[in-house]
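# Structural description and commentary
Listed below are the residues making up each chain.
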Amino acid sequence: MNKMKKPWFVMASSMVLALAVSACGGGNAGTTEEAPADETPAAETPAEQTADTGELKPEEGAKLLVWESADQKAFIEEVAKAFKEKYGVDVEWSDVGPDKSVAQMITDGPAGVGADVFAAVHDRTGSAVAAGVIMPNDVFEADTKALMSETALSAVTVDGVLYGYPYSVETTAVYYNKDLLPEAPTDWNGVVEFAKTFNKPAENKYAYMWPAGNGYWSFGFFGGYGAYVFGSNGTDPNDIGMNTEAAVEAGKFYQTLNQILPFKTGDITDDVRKSLFEQGKLAMNTSGPWDKESFKSIVPNLGLTTYPTLPNGQPMKPFSGVKAYFVNANSKYPIAARLFAQMASSEEFQKKNYQMTGVLPAAKALAEDPDIKADEFTATFLKQFENSVPMPSIPEMSNYWTTIDPALASIWNDNADPKTALDSMVQQMKDLAATAK
Amino acid sequence: MKQRSAPSAGSASGGTTSFARTAAVLSLFVMGLGQWFNRQYVKGLLFFLVYIVGLLYTFVVLPRNIRGLITLGDKAAGFGKNAQGLTVLLPGDHSIFLMIYGLIALITFLIFLFVWFLNVRDAHRNGKLRDAGKPVPNFGQSIRGMQEKSFPYLLLTLPGLGVLFFTILPIVFMILIAFTNYSAPNHIPQKNLVDWVGFSTFSNLLVYSQWAYTFWNVLAWTIIWAIVATVTCYFGGIFVAMLIQQKGIRFKGMWRTIFIIPYAIPQFISLLIMKNLFNSQLGPINQYFRLLGLEGLPWLIHPFWAKVTIVAVNMWIGVPVSMVLVLGILTAIPKDLYEAAEVDGASAFQKFRNITMPYVLFATAPLLIMQFAGNINNFNVIYLLTKGDPKTGEYAFAGTTDLLVTWLYKLTLDNQIYNVASAVGILIFIFIASFSILNFRRTRSFKEEDILQ
């Protein structure tokens, strides 16, 4: 008995300590949870302070954190320098790429550890809005609308509310090897004719390649025939346009191309395309501006053209992406963050960004800029961008990504009837949407 | 502290009174009171302080947090306009945070109850000492006793708390997610609240809709895969090991090294290279087939052949492990067994069946079950080789070669469907846990056996 007593006493007294510590912890948890209720009026005070001056000033003691990919670091630092000069606010950069920033912001933002301003590809805007983690672009709405191209604006608008500050656009087009064909065909007829003379499957020589089984790369056909994913603006989850008559037409034409690209969809990987292109066994290869430098280095005589025209006389309409800055809704310094996003996406800095990192600007006026027009590649991509469809950004888009690839595979690999395949794809999209309710 | 001579005090105040019971009852109502009654004033004060803090916590903090855990919030965050016309965030309840705070509060409360229990017990113990006419230790003695005898308990407290808050809490949290509707696109905080939905995630997953179809098919392939992968690697390893151990085989070291190499290369590299080797149009493997006048196979792009390819590639990685294992066991088999068998005129197959195989099986059966469990969760081979492709639209967010674990990965990281992923995780856990238990039971049953000793 006596022996046992002491250990228990020790346990007890150490638990006292433990309880004291954890009680504090728990107490804190309680207060943080209650804090939001008190914060509501507090959040309004900084704005009230600026109300009398009439123009926006960053909050006292503001300090911003920006998420961008590593290749944009130098540019962000450039903007940060100008921002510090103008507003006296320090800006820090952290490496979170535009492709994964929204997913991270959904968890980090409400926890209070997210960046104040972050770059994202527009197709996650819908998820970010549904989770409520991004601030609408309210103050600079008019400025942004005046500056940016229509496509870029609609990409970062959800339910009529503008959220982002676009700074760059990207889409895909056709790179070609001028040594193999001096002038790229402008329509699919020409491509098919050329393929008949050029294709030699035994030697692995092919005229034209794109990831045929992929819903991002193959959408150009459907878009060109007038099919759409969600409603006319990509915002109506109940109006799925992937099995309309137009879509079936597109599917039928898409299927015929199997003769000039006798591959199974799963075999057309980026590695394969790149190595064939490098060896001069592939004449035309589709890709985006991100591959410009690496393609230049492997194909000495490189050209770029927009997608060939479809048999119905319409140009192809590929998917495009818009990169934009967003303001974290939970930012401690929402005004400073707005000011920074506005500055970084201004015409002046878009041009600077183009010069520093080669990204395509989103500003309308810059498409007419003599420097940019002189750059054949950028001009071509911007021209193709005018003829593109921004990827729908509503959250239901994940249902498209997961069902389109198998549908394309069955049309392409198994010669399935396009109508049947697309009907079943749309049915599956509806089923998935229903299970998510 | 004054220490009175307890025996006289105890017996003087009445032979029938039980100090133990009185002290325990006093401590039961007010922590520390029993200790004061036992004249352990400092200890009593400490317990009383815990009592005050604990009661405050229980009545002020706990109800709010428990309420949060039950309701998961009433009002989600939204946007509004401030006086200046600027959009501002109107903060609301974040269901997931509420859930975590609720769990923390609950665990803290349980710790408080535990300390209360210790306090009653301590009062009772010391009361008994007084009943027996022995002196109760004073505070200094208690501390000394603590240093001498029960220092490990003190040290264990910290890891114990660590386990509570960093092991138990996340696991309970993960399990609770399965009973909510926490999933994209419609139930992601902070603009939306998450609700408790009971077992409907499980019933969706097991019975209804596309989820059930996907789940059962993926589960079936997971089990087939685990069995086939384990068996092929195991017998492949035995086969190779026995070939190398044959009499008259030269350069044994070289052979062993060659077979070990695939295992020594990081899978991240070798599997990605394999992916290109098996490209059915341009991959070298099919190119060789074509040189021989054959068409080759759609290695990674046909649902059936993709499965075959994965099993084959997995053998390339997994056989070396079994081989090394079996090589060690083979050297331990007494040579005279084989010599005796030869004298009796046994054939090579008879020797294998009756001597080698029982030895090998005896030593490796528990490991075999462990490997089976490991293969169920074999993420690398599937994800790096096919990413679960070829896809099929009939599955919800899965491809035909996805295992449960890669499906779970896609559900959480690519699609944010946390509730289904959590339910899948629980089912995988149940599955693997049963195999681990089986494994442990097998181990003991082997320990008690002694046919071969």
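Residues numbered from 1 in each chain as written. Chains lettered and ligands numbered in written order. Predicted model: local features only at pLDDT ≥ 70, side-chain atom pairs only at ≥ 80, totals over all residues. Heavy atoms only, no water.

As annotated in an unreviewed UniProt entry, chain B carries the name Maltose/maltodextrin transport system permease protein and is attributed to Paenibacillus antri. What UniProt records for chain B under Subcellular location (unreviewed entry) is the sentence "Cell membrane". In its Sequence similarities (unreviewed entry) section, the UniProt entry covering chain B states "Belongs to the binding-protein-dependent transport system permease family. MalFG subfamily." (UniProt positions renumbered as here; feature names shortened; annotations may be inferred.)

## Regarding the overall build of chain A
When helices and strands are counted, chain A shows 18 helices and 14 strands. Per-residue burial for chain A yields a buried fraction of 59% across its 437 residues. Restricting to contacts in chain A with at least 6 residues of sequence separation, those with at least 24 account for 78%. (Helix = DSSP H or I, 4+ residues; strand = E, 2+ residues; numbered from the N terminus. Buried < 20%, exposed > 50% of the residue type's maximum accessible area, 1.4 Å probe, protein only. Contact = heavy atoms within 4.5 Å.)

## Brief notes about the nonpolar core
Side chains of nonpolar character tend, in soluble globular proteins, to be buried together. Membership of the largest hydrophobic core comes to 138 residues, with the highest contact counts inside it found for Trp188, Trp210, Phe221, Phe222, Met242 and Tyr400 of chain A. Take this core: its biggest share by element is twelve residues, from helix α5 (residues 95-131) of chain B. Residues contacting Met242 of chain A, with those up to four places away along its chain left out, are Phe219, Phe222, Tyr228, Val229, Ala247, Tyr400, Ile404, Leu422, Met425 and Val426 of chain A. (Core = buried A, V, L, I, M, F, W, Y, C linked by side-chain atoms within 4.5 Å.)

## A look at the packing of aromatic side chains
Residue and element names in this part refer to chain A. A full pass over the atoms with the stated rule returns 56 aromatic pairs over all chains. Ring geometry for Tyr208 versus Trp210: centroids 5.8 Å apart, planes at 65°, classification edge-to-face. Looking at Tyr208, the relative accessible area reads 1%, which means it is buried. Centroid distance Phe221 to Phe253: 6.0 Å. Interplanar angle 55°. Geometry classified as tilted. With Phe221 in helix α8 (residues 219-225) and Phe253 in helix α9 (residues 245-256), this residue pair connects regions lying 32 residues apart in the sequence. (Phe/Tyr/Trp six-rings, centres within 6.5 Å; stacked < 30°, edge-to-face > 60°.)

## Considerations on the UniProt feature "domain: ABC transmembrane type-1" (unreviewed entry) in chain B
Taking the numbering used here, the UniProt-annotated feature "domain: ABC transmembrane type-1" (unreviewed entry) corresponds to residues 219-439 of chain B. Between the end C-alpha atoms of residues 219-439 of chain B there is a gap of 21 Å, over a span that is 76% helix and 0% strand.

## Some thoughts on the side chain of Ser149 of chain A
Residue position: Ser149 of chain A is located in the loop between α5 (141-147) and α6 (150-155). Residue contacts for Ser149 of chain A: discarding those within four places in its chain leaves Ala362, Lys364, Phe385 and Glu386 of chain A.

## Some details on the pattern of salt bridges
Residues and elements named next belong to chain A. Inspection of every chain in the model, using the stated rule, returns 19 salt bridges over all chains. Put simply, Asp369 and Lys351 hold a salt bridge, and the shortest N to O gap is 3.2 Å. Residue Asp369 is found in the loop between α14 (364-367) and α15 (370-374), and its partner Lys351 is found in helix α13 (residues 347-357); the two are separated by 18 residues along the sequence. One exposure class covers both Asp369 and Lys351, and it is buried. Shared partners join several salt bridges into a network, and the residues in it are Lys351, Asp369 and Asp371. (Salt bridge = Lys/Arg side-chain N within 4 Å of Asp/Glu carboxyl O.)

## Details of the environment of Ala329 of chain A
In this fold, Ala329 of chain A is placed in the loop between β12 (319-328) and α12 (334-344). It is 8.4 Å that separates the C-alpha atoms of Ala329 of chain A and Pro110 of chain A, two residues lying 219 residues apart in sequence. Discounting chain neighbours no more than four positions away, the residues touching Ala329 of chain A are Gly132, Val133, Ile134 and Met135 of chain A together with Phe79, Leu89 and Gln190 of chain B.

## Some remarks on the sheet that holds strand β8 (residues 173-177) of chain A
Residue and element names in this part refer to chain A. Strand order in the open sheet made by the four strands is β9-β10-β8-β11, with mixed pairing throughout. Each having just a single partner strand, β9 (206-209) and β11 (302-305) make up the two edges of the open sheet. In this sheet, neighbouring strand axes are inclined to one another by 20° on average, regardless of whether the strands run parallel or antiparallel. Across four bridges, the pairing between β8 and strand β10 (residues 282-287) is antiparallel. The residue of β10 that forms the bridge with Tyr176 is Met284. The sheet contacts of helix α7 (residues 188-198) involve β9 and β10, and relative to β9 the element is tilted by about 140°. (Pairing = 2+ DSSP bridges. Axes fitted to C-alpha atoms, helices over the stretch in contact; angles between N-to-C directions.)

## Details of the domain arrangement of chain B
Think of interface size as the accessible area that goes away when the parts come together; that is how it is often given. Residues and elements named next belong to chain B. Domains assigned within chain B are domain 1 (9-76 + 87-198) and domain 2 (202-447). In this structure, domain 1 and domain 2 have C-alpha centres spaced 47 Å apart. Opposite the eleven residues of domain 1 that make contact, domain 2 presents ten residues. Buried surface at the junction of domain 1 and domain 2, summed over both partners, amounts to about 760 Å²; 69% is from carbon and sulfur atoms. Taken together, the links from domain 1 to domain 2 amount to six residue pairs in polar contact (both at pLDDT 80 or more). The residue makeup of the side of domain 1 that touches domain 2, split by class, is eight nonpolar, three polar and no charged. (Domains from an automatic or database assignment. Buried area = accessible area lost by both parts, 1.4 Å probe. Polar contact = N/O pair within 3.5 Å; in protein donor to acceptor, adjacent residues only side chain to side chain. Nonpolar A, V, L, I, M, F, W, Y, C, P; charged D, E, K, R; others polar.)

## Some points on a nonpolar patch on the surface
Residues Ile249, Phe251, Met254, Trp255, Ile258 and Phe259 of chain B make up a contiguous nonpolar surface patch of about 550 Å² in total accessible area. The topology assignment puts Phe259 of chain B in helix α10 (residues 252-264). (Patch = residues over 30% accessible without salt bridge, like charges linked within 9 Å, V, L, I, M, F, W, Y side chains within 5 Å. Areas by Shrake-Rupley, 256 points an atom, 1.4 Å probe, with all protein chains shown as cover.)

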